Amino acid sequence: MPTLADIHTEADIKLLIDSFYDKVNQDELLAPIFNGVAHVNWATHLPTMYDFWSSLLLGTGRYRGRPFPKHLPLPVDATHFQRWLTLFRATVDEHFAGPKADEAKQRALSIATVFEYRIRQYNSLSIL
Ligand code: HEM
């Protein structure tokens with residue numbers, strides 16, 4: 001089996017993100033959230049996600065948004081975040097190996113954990 005290379009370039013980021021959202025779009029749990037609930041415009045969302053991961057992993061500083069507010073109104077819970085992480089890790093492992101690949105999986109886990117926690121807190125408060 002050929003040895004996989006690490007994540008180094010913008011082309012690597014694009015491959016990672018395109019492959020990941022291909023999986024998301026075929027997933028019976030996540031695809032309805034992205035397409036049915038949020039009506040995501042993929043032509044603009046994908047470039048935003050290239051910028052986001054390029055900032056995190058290559059330090060380019062291209063992403064300047066605030067991702068959390070976009071997630072707060074979504075009907076998602078821990079099950080959705082677990083699936084998201086499973087697909088993301090599988091995508092990284094299919095294409096890359098090395099410190100940056102490990103960092104990508106670690107950053108995804110940290111952010112997903114915070115998002116899930118904050119959404120859960122918000123939803124429990126909003127029914128009081
Ligand atoms: C249950 C899991 C998740 C779902 C269903 C979800 C869904 C979405 C949706 C619907 C959007 C809005 C797209 C649009 O602008 O139309 C979005 C944006 C975004 N998501 Fe997620 N997401 C999830 C998890 C994550 C995680 C774990 C991360 C980070 C590791 C992340 C990072 C982002 C970023 C950076 C944006 C762009 C925000 C902006 O427009 O600046 N998402 N997501």
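Residues numbered from 1 in each chain as written. Predicted model: local features only at pLDDT ≥ 70, side-chain atom pairs only at ≥ 80, totals over all residues.

Participant: What am I meant to see in the overall build of the protein here?
Facilitator: In terms of regular secondary structure, the protein is built from six helices and zero strands. Each helix and strand of the protein, placed in order from N terminus to C terminus, yields the pattern α-α-α-α-α-α. For 128 residues, the compact-globule estimate of 2.2 N^0.38 gives 14 Å, and the C-alpha radius of gyration of the protein, at 15 Å, lies within 12% of that figure. With respect to the three principal axes, the spread of C-alpha positions in the protein is 55 × 30 × 25 Å. Relative to its 128 residues, the protein shows a buried fraction of 20%. Expressed as a percentage of contacts within the protein between residues at least 6 apart in sequence, the contacts between residues at least 24 apart total 78%. (Helix = DSSP H or I, 4+ residues; strand = E, 2+ residues; numbered from the N terminus. Rg over C-alpha atoms; globule rule 2.2 N^0.38 Å. Buried ≥ 20, exposed ≤ 12 C-beta atoms within 10 Å, placed from the backbone. Contact = placed C-beta atoms within 7 Å.)

Participant: What is the right way to look at the packing of helix α1 (residues 10–25) against helix α5 (residues 78–95) in this model?
Facilitator: Two quantities define a packed helix pair, namely the angle between the helix axes and the distance between the axes. Axis separation between α1 and α5 bottoms out at 9 Å; the angle between their running directions is 135 degrees. Taken together, the axes of α1 and α5 are oblique relative to one another. Judged by the twist between their axes, the crossing of α1 over α5 is right-handed. Two secondary-structure elements touch here, α1 through L15, L16, S19, F20, K23 and V24 and α5 through L87, F88, T91, V92 and H95. The residue inventory of the contact of α1 with α5, partitioned by class, reads seven nonpolar, three polar and one charged. (Axes fitted to C-alpha atoms, helices over the stretch in contact; angles between N-to-C directions. Parallel < 35°, antiparallel > 145°, perpendicular 65-115°, else oblique. Left-handed = near helix turned anticlockwise from the far one by under 90°. Nonpolar A, V, L, I, M, F, W, Y, C, P; charged D, E, K, R; others polar.)

Participant: Just to check I follow, could you spell out the nonpolar core for this structure?
Facilitator: The nonpolar side chains of soluble globular proteins are, as a tendency, buried together. One finds I7, L16, I17, F20 and V92 to be the most contacted residues of the largest nonpolar core, which totals 20 residues. Elements supplying a minimum of two residues to this core: α1, α3 (42–58), α5 and α6 (99–126). With six residues, α1 is the single largest residue contributor to this core. Filtering out sequence-adjacent residues up to four positions away, I7 remains in contact with D12, I13, L16, L57, F96, K100, A101 and A104. (Core = buried A, V, L, I, M, F, W, Y, C linked by C-beta atoms within 7 Å.)

Participant: Teacher, can you tell me more about the UniProt feature "binding site: heme" (unreviewed entry) in the protein here?
Facilitator: UniProt marks H45 with the feature "binding site: heme" (unreviewed entry), using the numbering shown here. Among the secondary structure elements, H45 is positioned in helix α3. The partly exposed category is assigned to H45, around which 15 C-beta atoms lie within 10 Å. (UniProt positions renumbered as here; feature names shortened; annotations may be inferred.)

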